[in-house]
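Fold and contact review
In case you want the letters, here they are:
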Amino acid sequence: MNDATPRDFIRQIIHNDLESGKHTSIVTRFPPEPNGYLHIGHVMSICLNFGVAEETGGRTFLRFDDTNPGKEREEYVRAIERDVRWLGFDWSDRLTHASDYFDALYAYAEQLIEQGVAYVDSLSADEIRALRGTLTEAGTDSPYRDRTVAENLELFRRMRAGEFADGEHVLRAKIDMASPNINLRDPALYRIRHIAHQRTGDKWCIYPMYDFAHTISDALEHITHSLCTLEFEDHRPLYDWLLDQLKPEHRPRQIEFSRLNLAYAITSKRKLNALVDDGVVSGWDDPRMPTIAGLRRRGYPASALREFVKRGGVTKKDKLIEMAVLENCIREELDFSAPRRMAVLQPLKVVLSNYPEGQVEMMPASNHPNRPELGTREVPFSRELYIEQEDFMEDAPKKFFRLKPGGEVRLRNGYIIRCEDVIRNEAGAVIELRCSYDPDTRSGTGSSDRKVKGTIHWVSAAHALPAEVRLYDRLFTVADPNAADDFMAVLNPDSLASVQAMLEPSLGKLGDGEAVQFERLGYFCMDSVDHSAKRPVFNRIVTLRDSWAKIEQQAIAQHG
RNA sequence: UGGGGCGUGGCCAAGUGGUAAGGCAUCGGGUUUUGAUCCCGUGUACCGCAGGUUCGAAUCCUGCCGCCCCAGCCA
């Protein structure tokens, strides 16, 4: 559409098809099998299919590829619909199922039989496998390959009528058992499955295979460009063969692209399942999961996910995108949209010895330093406060710009304070700081422009809202857990940490799904599952970029 | 030693014969009551390798190497 729209090879093809008049409008489809939850990899496919249509004024179908009853559930259908909608896409009335076409599919199967290019094979699955040959050796024709059209038709109709048990017969395309492409060695088109389908019930006991159902569904929906991932490249000759034989009115074109892989994440359904079953995570929507449900619960904005996919590009090259790209997209969006708040994750009590007991000042605080239009709110300030344990250090290195004994620091939106005394418990641990404040340095007044090196955040102890805050890290310790021998062995034991934090009181009025920045800490949102007013639970969406952490690391590396 | 794909700086990615965009990351610096944001600057990219065609090649040709996918009555 505009100059910023990336022109990947698929959009180029589509652009050319529109220019040449081959198509007047574009129709795509996103065709998940409802047998699990959608994940970050699907986000790309969704954005591509819906995006390409949107950009050209075309249409997109959300089609459930439900050709394998027993593995598919309505629960997944609803979850998928929700995920796609949440991502910001609309299929309008174009919500379909492969099962909507079972009658048509059956008729096309009979057509193939009548054309003499499909036959009923009565070999067992094992026998068929044995005759298929190998990657380097041609297969062998089935002894049933030359049945007459009449015989095939009768058998196929009896298959449909339920006269045979599962596995007794199978309908196969008659192509070429010696083809170097194994998908062309007489692929199965229909198999017998005496099992109720979630939508068609007991109407059918034979079900079409993916290649057959998908090709015809595409044609029936007048799909112009059928976009799928690279592993289906070898299926394209079969896709085209079916179209050549059946000659439907509309002929779709399949185009393949590489899937998006995110570093430190897995997308294998089996492995994701294992994480849930073994209790490694709390469920499919655990905020550490790469599922759309997990990403949403974590607090990642849909717009940031769309941007992430856009930056990844559309190519045919295997890719493993760094987490930093995703995190940058999240931060970019949230930096703009998230109001600022203060919260202390690891509270350390500070008593201001010279601040009047019982006094409370309401300190105005900007909701967004770069967007004054977002206004201000008032934060209570009093004699006893909490600051971050990390913001105090006894033997601080010279570059430590926070609080140290005898040192000064500014309290964000408050006063400059000086650390006068350190209180310890019997074990010698610091449990409290006695500080003095400089009344002249209140933010925005008097000599408040007096400079000190550091500014730290705080919360008034008497007004603080206690809350559980969950801190997340990557689920795996290696960039490519898929390549690990045992992905369970490379789990990050510290992927979840929970702390009892103290929040500024205004956070009690946060709306569902709203993200805020806890200044100096990161972006946070309420947990959509466990949060309640009585027992607040927050998730850290992502940290802020932290150049201090790098300096610290380097110092440790240099000086041991 | 079958077939199908893919190889441009750490990770992505433009480039479609005329002399290598951009983003992320990195490393410097500036601004800053978030060590955030923002703003500057920062890479000699043997364009997988080797030949060839051409005045000229990442782009064309040949050979080689590496990686990915395929032997479900899964999708």
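Sequence order as written defines residue numbering, which begins from 1 separately in each chain. Numbering of ligands from 1 and lettering of chains from A proceed in the order in which they are written. With pLDDT at 70 or above as the cut-off, local features in this predicted model cover only qualifying residues; side-chain atom pairs require 80 or more to be listed or tallied, and sums for whole chains, interfaces and linings still use all residues. Side-chain metrics rest on all non-hydrogen atoms present in the structure, leaving aside hydrogens and water.

We define proximity as follows: a residue is near a molecule or strand when any one of its heavy atoms falls within 4 Å of that partner. The local shell around RNA strand B holds 68 residues, among which Lys317, Arg340, Arg412, Ser443 and Ser547 are the closest. A distance of 3.5 Å is found between a base nitrogen of RNA strand B and a side-chain nitrogen or oxygen belonging to Glu519. Going through the elements one at a time, helix 5 (125–131), strand 6 (188–192), helix 11 (302–312), strand 11 (319–321), helix 12 (323–337) and helix 13 (547–559) are the ones with two or more residues in the surface near RNA strand B. Across the surface near RNA strand B, the residue classes break down as 21 nonpolar, 20 polar and 27 charged. Two N or O atoms form a polar contact when they lie within 3.5 Å of each other; inside protein one atom must be a possible hydrogen donor and the other a possible acceptor, and for residues adjacent in sequence the pair counts only when both atoms belong to side chains. By the criteria applied, helices consist of DSSP H or I runs no shorter than four residues and strands consist of E runs no shorter than two, each listed in order from the N terminus. Basically, the charged four are Asp, Glu, Lys and Arg, the nonpolar ten are Ala, Val, Leu, Ile, Met, Phe, Trp, Tyr, Cys and Pro, and anything else, Gly included, counts as polar.

By this definition, two strands are paired if DSSP reports at least two bridges between them. Overall, parallel pairing links the 3 strands, which are arranged 1-2-3 in an open sheet. A strand with exactly one partner marks an edge of an open sheet, and here the two such strands are strand 1 (27–30) and strand 3 (95–97). Adjacent strand axes in the sheet meet at a mean angle of 35 degrees when their direction is disregarded. Here strand 2 (residues 59–64) pairs with strand 3 via 3 bridges, running parallel. Paired with Phe64 across the bridge in strand 3 is His97. Fitting a line to C-alpha atoms yields each axis, with helices limited to the stretch in contact; the angle taken between N-to-C directions then spans 0 to 180 degrees.

Only protein chains enter the calculation, and the probe is 1.4 Å; a residue is then buried if its accessible area is under 20% of its type maximum, exposed if over 50%, and partly exposed in between. With 6 of 7 residues buried, strand 27 (residues 537–543) lies mostly within the body of the structure. Of the pairings in the sheet, the one linking strand 23 (residues 465–472) to strand 27 comprises 3 bridges and is parallel in character. Bridged to Arg470 within strand 27 is Asn539. Pairing analysis gives 5 bridges linking strand 26 (residues 522–526) to strand 27, with the strands arranged antiparallel. Along strand 27, the bridge assignment pairs Tyr523 with Val542.

Take the pattern of salt bridges next. Salt bridge, as used here: a side-chain nitrogen of Lys or Arg that lies within 4 Å of a carboxyl oxygen of Asp or Glu. The tally for this structure, following the rule as stated, stands at 44 salt bridges. A salt bridge links Asp285 to Arg297, with the shortest nitrogen-to-oxygen separation between them at 3.3 Å. Of this pair, Asp285 sits in the loop between helix 9 (269–277) and helix 10 (292–298) while Arg297 sits in helix 10, and the two are 12 residues apart along the sequence. Residue Asp286 pairs with Arg288 through a salt bridge whose shortest N-O separation is 3.0 Å. Judged on exposure class, the residue Asp286 and its partner Arg288 are both buried. What emerges from the salt-bridge pattern is a single network uniting Asp285, Arg297, Glu468, Arg470, Asp527, Asp530 and Arg535.

This next bit is on the packing of aromatic side chains. The way to describe two aromatic rings as a pair is by their centre distance and the angle between their planes. Whether two aromatic rings pair depends on their centres lying within 6.5 Å, for rings of Phe, Tyr and Trp, where Trp uses its six-membered ring; planes under 30 degrees apart make the pair stacked, over 60 edge-to-face, and the rest tilted. Per the counting criterion, the structure on display carries 19 aromatic pairs. Each residue in the set Phe102, Tyr106, Phe156, Tyr190, Trp204, Tyr207 and Phe212 is aromatic and connected to the rest through ring pairs, giving one cluster. Taking NZ or CZ as reference, Arg296 lies 5.4 Å from the ring centre of Trp86, over its face. Charge over a ring is defined by NZ of Lys or CZ of Arg lying within 6 Å of the ring centre and within 35 degrees of the ring normal.

The strand order across the open sheet formed by 4 strands is 4-5-6-7, and the pairing between neighbours is antiparallel. Every other strand in the sheet has two partners, leaving strand 4 (118–121) and strand 7 (206–208) as the edge strands with one partner each. Taking each pair of neighbouring strands and ignoring which way they run, the sheet shows an average axis angle of 20 degrees. Here strand 6 runs beside strand 7; their pairing, made up of 3 bridges, is antiparallel. For Tyr190, the partnering residue across the bridge sits in strand 7 and is Pro208. Across the face of the sheet, helix 4 (residues 102–114) comes into contact with strand 4, strand 5 (170–173), strand 6 and strand 7 while running at roughly 120 degrees to strand 6. Note on contacts: a residue pair qualifies if any of its non-hydrogen atoms lie within 4.5 Å across the two residues.

Within the secondary structure, Arg11 sits in helix 1 (residues 9–19). Here Arg11 falls in the buried class, since its relative accessible area comes to 13%. Within the local environment of Arg11, its side chain forms a polar contact with the side chain of Asp8, the two groups lying 2.7 Å apart. A polar contact of 2.6 Å, which involves the side chain of Arg11, links it to the side chain of Glu55.

Time to look at the packing of helix 11 against helix 12. Running from N to C, helix 11 and helix 12 cross one another at 140 degrees; their axes reach a closest spacing of 9 Å. Between helix 11 and helix 12, the angle falls in the class oblique. Seen along the crossing, helix 11 lies across helix 12 with a hand that is right-handed. Facing helix 11, whose interface residues are Ser303, Ala304, Leu305, Glu307, Phe308 and Arg311, helix 12 presents Val325, Leu326, Asn328, Cys329, Ile330, Glu332 and Glu333. Residue classes in the contact of helix 11 with helix 12 are distributed as 7 nonpolar, 2 polar and 4 charged. Put simply, angles under 35 degrees are roughly parallel, angles over 145 are roughly antiparallel, angles from 65 to 115 are roughly perpendicular, and the rest are oblique. Note on convention: the crossing is left-handed when the near helix lies turned anticlockwise from the far helix by less than a right angle, right-handed when the turn is clockwise.

Right, let's get into the layout of surface pockets. Using a 1 Å grid laid over the protein atoms alone, points where a 1.4 Å probe fits but cannot get out form a cavity; open sets with protein on both sides within 12 Å along at least 5 of 7 lines form a pocket; any residue with an atom within 4 Å of a point counts as lining. Grid points are joined across faces, edges and corners, and a volume is the space filled by probe spheres set on the points. Counted as a void, the second largest pocket has a volume near 790 Å³. Of the residues that constitute the lining of the second largest pocket, the class distribution is 11 nonpolar, 12 polar and 9 charged.

With their axes 10 Å apart at the nearest point, helix 2 (residues 40–56) and helix 11 run at an angle of 80 degrees to one another. With respect to helix 11, the axis of helix 2 lies roughly perpendicular. Note on element contacts: helix 11 touches helix 2 through Leu305, Arg306, Phe308 and Val309, opposite Ile40, Val43, Met44 and Cys47. Looking at the contact of helix 2 with helix 11 residue by residue, the classes come out as 7 nonpolar, no polar and 1 charged.

By definition here, a helix of n residues has an expected span of 1.5 Å times n minus one. An ideal rise of 1.5 Å per residue puts 24 Å on 17 residues; helix 2 measures up with 25 Å between its terminal C-alpha atoms. Counting buried positions along helix 2 gives 14 out of 17 residues, so the element sits mostly inside the fold. Immediately beyond the C-terminal end of helix 2, within one or two residues, lies Gly57, with a positive phi of roughly 70 degrees.

With that settled, consider the nonpolar core. The set of buried Ala, Val, Leu, Ile, Met, Phe, Trp, Tyr and Cys residues whose side-chain atoms join them within 4.5 Å is what this entry labels a nonpolar core. Judged by nonpolar contacts, the single largest core of 49 residues is most densely connected at Ile46, Val84, Phe308 and Ile541. The biggest single contributor to this core is helix 2, with 8 residues. For Val84, the contacting residues outside a window of four places in its chain are Phe30, Leu38, Ile46, Phe50, Leu62, Phe89 and Trp91. Within the second largest apolar cluster, 33 residues are counted, among which are Leu112, Ala118, Ala173 and Tyr207.

Here we come to helix 7 (residues 210–220). For helix 7, the tally of buried residues reaches 9 of 11 residues, placing the bulk of the element in the interior. Considered for burial, the residues of helix 7 that qualify are Asp211, Phe212, Ala213, His214, Thr215, Ile216, Ser217, Asp218 and Ala219.

Backbone geometry at Ser92 places phi at a positive 55 degrees, although glycine is not the residue there. Checked against the element boundaries, Ser92 lands in the loop between helix 3 (74–86) and strand 3. Residue Ser92 is classed as partly exposed on the basis of its relative accessible area, which comes to 44%. The phi torsion at His222 lies on the positive side, around 60 degrees, for a residue other than glycine. Structurally, the position occupied by His222 is in the loop between helix 7 and strand 8 (225–229).

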